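Coordinate analysis (summary)
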Amino acid sequence: MRFIFSLLLLLTFCSTSFAANLAIIIDDIGYRQTDEAVLQLPKDITLSVLPHTPLGKKLAFEAYNKGHEIMLHLPMQALSGNTLGPGGLTNDMSEQQIKNEIESAFNNIPFAQGANNHMGSLLTQLDVPMKWVMEELKNKQAYFVDSYTTKYSKAGKQAKFVGVPILYRQVFLDNDVEYDALEKQFKQIIDQTKRKGTLVAIAHPYPETISFLRKNLARLKQNGINLVHTSALISVEIAKTYPTSPHQTLR
């Protein structure tokens, strides 16, 4: 079922609004057998799945049945020129090509309520392609999370223009998977969530990340933080500005 602003969702958000609310998205899911470890994480973790990948559809089905929220991890052109894989969106595609690719991706990954960009430091800077992306997401009644891989992203501007619910990644957990680095980022997630009231963090299905989260997620509740599905952070008051945390370039 695609994302819809419903009374139930609003009531869910309101019931948790007096505590800090954190959404953790695990993306880049679909290629590696080790990605199946995400199914060991609590159901309140959101999983963002790459389309047309060997394990994507299977893991989306299994995760949804375990209670996870599913997102679509849309590959978008990066400044680095990194290979996008199937379903990639590039700046030389027509409006119909972009919309057809998004349609195909949603057909491939069941239960996706929203999407975020995989890489995209080039495409998200471009108004016209991002407008087409948002128009198709609106057609799917889906929200968008800007992974914020460039400070010049136009995703928020176009989402608001078209009328797509928009959130922004504020912290990456695992750019470095050494334990001390994960601990540093996790403390930042806790501190920023408590200070701001809501936060979106993105991580990846690395074995080190999964192990760290399984051992440390209980610390969230100890700090008065609710772990919630990403859609629970979409409220009547949609974020008005980009986060002040650093973007990650060349993705």
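This section reports on the structure supplied with the text. (Residues numbered from 1 in each chain as written. Predicted model: local features only at pLDDT ≥ 70, side-chain atom pairs only at ≥ 80, totals over all residues. Heavy atoms only, no water.)

When you go through the protein chain residue by residue, the secondary structure sums to eight helices and nine strands. Restricting to contacts in the protein chain with at least 6 residues of sequence separation, those with at least 24 account for 76%. Carbon and sulfur atoms make up 55% of the accessible area of the protein chain, which amounts to about 10,900 Å² in all. (Helix = DSSP H or I, 4+ residues; strand = E, 2+ residues; numbered from the N terminus. Contact = heavy atoms within 4.5 Å. Areas by Shrake-Rupley, 256 points an atom, 1.4 Å probe, with all protein chains shown as cover.)

For helix 4 (residues 127-139), which comprises 13 residues, the first-to-last C-alpha distance of 18 Å matches the rise-based estimate of 18 Å (1.5 Å per residue) to within 8%. Looking at helix 4, one finds that the buried residues are Pro 129, Met 130, Trp 132, Val 133, Met 134, Glu 136 and Leu 137. Where helix 4 is buried, its residues meet strand 3 (70-76), helix 3 (95-108), strand 4 (112-119), strand 5 (143-146) and helix 5 (155-162). Positive phi appears at Gln 141, one or two residues downstream of helix 4, with a value of about 55 degrees. (Expected span 1.5 Å × (residues − 1). Buried < 20%, exposed > 50% of the residue type's maximum accessible area, 1.4 Å probe, protein only.)

Each pair of packed helices can be summarised by the angle the axes make with each other and by the distance between the axes. Here helix 3 crosses helix 4 at 40 degrees, and the two axes come no closer than 9 Å. On the basis of their axis angle, the class for helix 3 and helix 4 is oblique. Handedness of the helix 3/helix 4 crossing: right-handed. Contacts between helix 3 and helix 4 involve Glu 95, Ile 98, Lys 99, Ile 102, Glu 103 and Phe 106 on the former and, on the latter, Pro 129, Trp 132, Val 133, Glu 135, Glu 136 and Leu 137. In terms of residue class, the contact of helix 3 with helix 4 is made up of seven nonpolar, no polar and five charged. (Axes fitted to C-alpha atoms, helices over the stretch in contact; angles between N-to-C directions. Parallel < 35°, antiparallel > 145°, perpendicular 65-115°, else oblique. Left-handed = near helix turned anticlockwise from the far one by under 90°. Nonpolar A, V, L, I, M, F, W, Y, C, P; charged D, E, K, R; others polar.)

The next thing to look at is a negative patch on the surface. A cluster of acidic residues, Asp 176, Glu 178, Asp 180 and Glu 208, forms a negative patch at the surface. Inspection of the secondary structure puts Asp 180 in helix 6 (residues 179-196). Its relative accessible area of 66% is what places Asp 180 among the exposed residues. (Patch = residues over 30% accessible without salt bridge, like charges linked within 9 Å, V, L, I, M, F, W, Y side chains within 5 Å. Salt bridge = Lys/Arg side-chain N within 4 Å of Asp/Glu carboxyl O. Lys, Arg positive; Asp, Glu negative; His and termini not counted. Charge placed at Lys NZ, Arg CZ, Asp CG, Glu CD.)

For Ile 29, the position within the fold is in strand 1 (residues 20-29). Taking relative accessible area as the criterion, Ile 29 reaches 1% and is therefore assigned buried. Residues Ile 29 and Pro 51 lie 22 residues apart in sequence; the distance between their C-alpha atoms is 9.1 Å. Setting aside residues no more than four positions away along its own chain, Ile 29 makes contact with Asp 35, Val 38, Leu 47, Ser 48, Val 49, Leu 50, Thr 53, Leu 59 and Pro 205.

Here we come to the pairing of strand 2 (residues 46-49). Residues Thr 46 and Ser 48 line one face of strand 2 and the alternating positions Leu 47 and Val 49 line the opposite face, and both faces are buried. Here strand 2 pairs with strand 3 via three bridges, running parallel. Bridge pairing links Val 49 to Leu 72 in strand 3. (Pairing = 2+ DSSP bridges.)

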